[in-house]
Amino acid sequence: MAEAFAVDIEGVHKNFGGLRALDGVNLHIKTGEIYGLLGPNGAGKTTLIRAIVGLVAPDAGTVTVLGRRMPDVDNLRNVGYMTQQAALYPGLSVEENVQFFAAINGAEEEDVTEALKLVRLDDRRKSVVATLSGGMRQRCSLACALVHKPKLLLLDEPTVGVDPQLRVQFWDDFRRMAASGTTIIVSSHVMDEAERCQRLGLIQYGRVLAEGSPNEVRALAGTSNLEEAFLKLAGAKAS
């Protein structure tokens, strides 16, 4: 029996005018996996995530999510997407923001409470978002993305501005969610984040340079750390 993939990407190309954002990307991400998209700003990570969500239609190739070809509006209820810039309503409270995303995705009030507890904002649920720190806004944005218990969770730079202790707690939560069957894709340029993923796709200039576990990527490059591995592999592809 063929292995089930939560996300199956075949030969995806995407151009914006003269800029080639994605250049023949192939990725096969397993159900219940924490997969890291690692690369510098401008590498194509966010464009790829937007293609997975269906916000960007590829010029060529296919994106299949949870067995359905994207874009597919009905499939979005199975997907949670935390954008790099918090997509929140600043004049509403934390609770009202999460309630809004719960309502449009068919979640219940008890799911709102559970999401707020998960991101440690239960005691700030009545606070207006505009009064929150950057880290708290990130936490609220994460609660909005996961309130409906999505089968696929896409996180674009999820822990920017979050203190180290909470970052560890977040990753404990991500691992627990993955163990229960949620597929998580994390986009990041931070090597510490990459080390926490089960598998990585190293991306540069819209192309996948290498793929594998952190140990496999280091071994492929013959280096002792991921930053050196990325630089070496990116240099090899460019030469």
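Above: the structure in question.
Here's a quick rundown of the structure. If you're wondering where the values come from, they're calculated on a predicted model, not measured in any experiment. (Residues numbered from 1 in each chain as written. Predicted model: local features only at pLDDT ≥ 70, side-chain atom pairs only at ≥ 80, totals over all residues. Heavy atoms only, no water.)

1. Remarks on the layout of surface pockets
Counted only if it meets this: Computed over the protein atoms alone on a 1 Å grid, cavities are sets of points where a 1.4 Å probe fits but cannot get out and pockets are open sets with protein on both sides within 12 Å along at least five of seven lines; a residue lines them when it has an atom within 4 Å of a point. Grid points are joined across faces, edges and corners, and a volume is the space filled by probe spheres set on the points. Strands are runs of DSSP state E lasting at least 2 residues, helices are runs of H or I lasting at least 4, and numbering of each runs from the N terminus. In this count, Pro and Cys sit with the nonpolar residues alongside Ala, Val, Leu, Ile, Met, Phe, Trp and Tyr, while Asp, Glu, Lys and Arg are called charged and the others, Gly among them, polar.
Looking at the largest pocket, its volume works out to about 410 Å³. Considering the residues around the largest pocket, the lining is formed by 19 residues, among which Val79, Tyr81, Phe101, Ile104 and Asn105 are closest to the centre. Residue assignment for the lining of the largest pocket shows that the elements contributing at least two residues are strand E6 (79-82), helix H2 (94-104) and helix H4 (134-146). With four residues, E6 is the single largest residue contributor to the lining of the largest pocket. Residue composition of the lining of the largest pocket, by class: 13 nonpolar, five polar and one charged.

2. Considerations on the packing of aromatic side chains
Put simply, the rule reads: Paired rings are identified among Phe, Tyr and Trp, the last through its six-membered ring, by centres lying within 6.5 Å, and are further divided according to the angle between planes into stacked (under 30 degrees), edge-to-face (over 60) and tilted (the rest).
Counted according to the given criterion, the structure contains four aromatic pairs. Members of the aromatic cluster, each reached through a chain of ring pairs, are Tyr89, Phe100 and Phe101.

3. A word on the sheet that holds strand E4 (residues 60-65)
Remark on secondary structure: sheet strands pair via backbone hydrogen bonds, oriented parallel or antiparallel. Let me state the cut-off plainly: We call two strands paired when DSSP finds no fewer than two bridges between them.
Spatially, E2-E1-E4-E5 is the arrangement adopted by the four strands of the open sheet, whose pairing is antiparallel. What marks the edges here is a single partner per strand, and that holds for strand E2 (19-30) and strand E5 (68-69). Pairing of strand E1 (residues 5-16) with E4, which is carried by five bridges, proceeds in the antiparallel orientation. Bridge pairing in E4 links histidine 13 to alanine 60.

4. Focus on the environment of asparagine 225
To keep it simple, the criterion reads: Here the term buried applies to any residue with accessible area under 20% of the maximum for its type, exposed to any over 50%, and partly exposed to those in between, with areas from a 1.4 Å probe on protein chains only. Two N or O atoms form a polar contact when they lie within 3.5 Å of each other; inside protein one atom must be a possible hydrogen donor and the other a possible acceptor, and for residues adjacent in sequence the pair counts only when both atoms belong to side chains.
With respect to the helices and strands, asparagine 225 occurs in the loop between helix H7 (214-221) and helix H8 (226-238). With a relative accessible area of 29%, asparagine 225 lands in the partly exposed category. With 186 residues separating them in the primary sequence, asparagine 225 and glycine 39 have C-alpha atoms 15 Å apart. From its side chain, asparagine 225 meets the backbone nitrogen of glutamate 228 in a polar contact 2.7 Å long.

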